[in-house]
Amino acid sequence: MIIDRRFRGPAGSGNGGYVAGLLAGHVASDTVTVTLRRPPPLDTELHVATDDDRGIGARLWDGEERLVAEALAGAIVVPAVPPVPYEEALEAAEKYRAAERHPFPGCFVCGPEREPGDGLRLEPGPVAEGTVAAPWVPAEPPEPEIMWSVLDCPGGLSYGQDDPPVVLGTMTAQVTELPEAGERCVVMGLARTREGRRLHAATAAYGADGRLLGRAEQIWIEVDPARFGS
């Protein structure tokens, strides 16, 4: 597996949701928990090792000793974050664009410096206390790892864009359906609880008819941005 530079999050590492989605594809479960152990390196040959033929777990290695991420069959037991109307998500995106800074402006998912068609350019803006929403219209039918990407950043951004920045630590996601090209979707993010440097969040994505496309529960970690080349 090679994480192309296009799919970066922070400047020097892969987008957490995208990498997690790729690794989740090696686990035989509709719900998978992925834990990122170090920043996923870009443009580097990585090795995927599965636990056994049952596909209950997988690990991503950089060389023989550097564990990048590990995945296991997971579960989500809490209700999904409810959606807002598409029009409200559009209004929220205007507030996102009005923010003075972004911790990782080149992020594949939410980076404002990415060109349309290169990055997803999700813009999760506030719709309530601790809740953000973003409109999303996929240009083409997304692969599952793109759905994991979409379900990534709105969780961290539910805590705002102020210092210190946060990066994805653990993500449990379930993708139930892929949207059609051109479908007007809504992606939600919800701040749950904070424990020191660990922030718990949830995300969900909905199709134009309100059907649930996917959801995730996450742990985000406050970091020193210098560690990620930002």
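As a starting point, this report considers the structure included with it.

## Details of the pairing of strand 6 (residues 131-136)
Here strand 6 lies mainly inside the structure; six of its six residues are buried. Judged by which residues are buried, strand 6 turns out to be covered on both faces: Thr-131, Ala-133 and Pro-135 on one side and Val-132, Ala-134 and Trp-136 on the other are all buried. The pairing of strand 5 (residues 125-128) with strand 6 spans three bridges and is antiparallel. Each residue of the ladder has a partner; that of Pro-126, found in strand 6, is Val-132. Taking the residues that link successive antiparallel strands as the turn, the strand 5-strand 6 hairpin has two residues, and the phi of Gly-130 there is positive, at about 75°. Pairing geometry for strand 6 and strand 8 (residues 185-195), over six bridges, is antiparallel. In the strand pairing of strand 8, Trp-136 is matched with Cys-185.

## Topic: the nonpolar core
Counting residues in hydrophobic clusters, the biggest one holds 50 residues, and the most contacted among them are Val-34 and Trp-148. Looking at this core, the element that brings in the most residues is helix 1 (residues 16-24), giving six residues. If we skip the residues at most four places from it in the chain, Trp-148 touches Gly-17, Ala-20, Gly-21, Ala-24, Val-32, Val-34, Met-171, Ala-173 and Val-175. Counting 10 residues, the second-largest nonpolar core is a separate cluster that includes Val-84, Ala-89, Ala-133 and Ala-204.

## Concerning the packing of aromatic side chains
Enumeration over the complete set of coordinates arrives at three aromatic pairs. Both rings, one in Phe-7 and one in Phe-108, keep their centres 4.9 Å apart while their planes meet at 70°; by these two values the pair is edge-to-face. With Phe-7 in the segment before helix 1 and Phe-108 in the loop between helix 2 (86-97) and strand 5, this residue pair connects regions lying 101 residues apart in the sequence. Neither residue differs from the other here; Phe-7 and Phe-108 are each classed as buried. Ring geometry for Tyr-18 and Phe-108: centres 6.3 Å apart, planes at 65°, overall edge-to-face. Residue Tyr-18 is found in helix 1, and its partner Phe-108 is found in the loop between helix 2 and strand 5; the two are separated by 90 residues along the sequence. With relative accessibility at 9%, the residue Tyr-18 sits in the buried group. Overall, the relative accessible area of 1% leaves Phe-108 in the buried class. Each residue in the set Phe-7, Tyr-18 and Phe-108 is aromatic and connected to the rest through ring pairs, giving one cluster.

Definitions and cut-offs
- Residues numbered from 1 in each chain as written.
- Predicted model: local features only at pLDDT ≥ 70, side-chain atom pairs only at ≥ 80, totals over all residues.
- Heavy atoms only, no water.
- Buried < 20%, exposed > 50% of the residue type's maximum accessible area, 1.4 Å probe, protein only.
- Helix = DSSP H or I, 4+ residues; strand = E, 2+ residues; numbered from the N terminus.
- Pairing = 2+ DSSP bridges.
- Core = buried A, V, L, I, M, F, W, Y, C linked by side-chain atoms within 4.5 Å.
- Contact = heavy atoms within 4.5 Å.
- Phe/Tyr/Trp six-rings, centres within 6.5 Å; stacked < 30°, edge-to-face > 60°.

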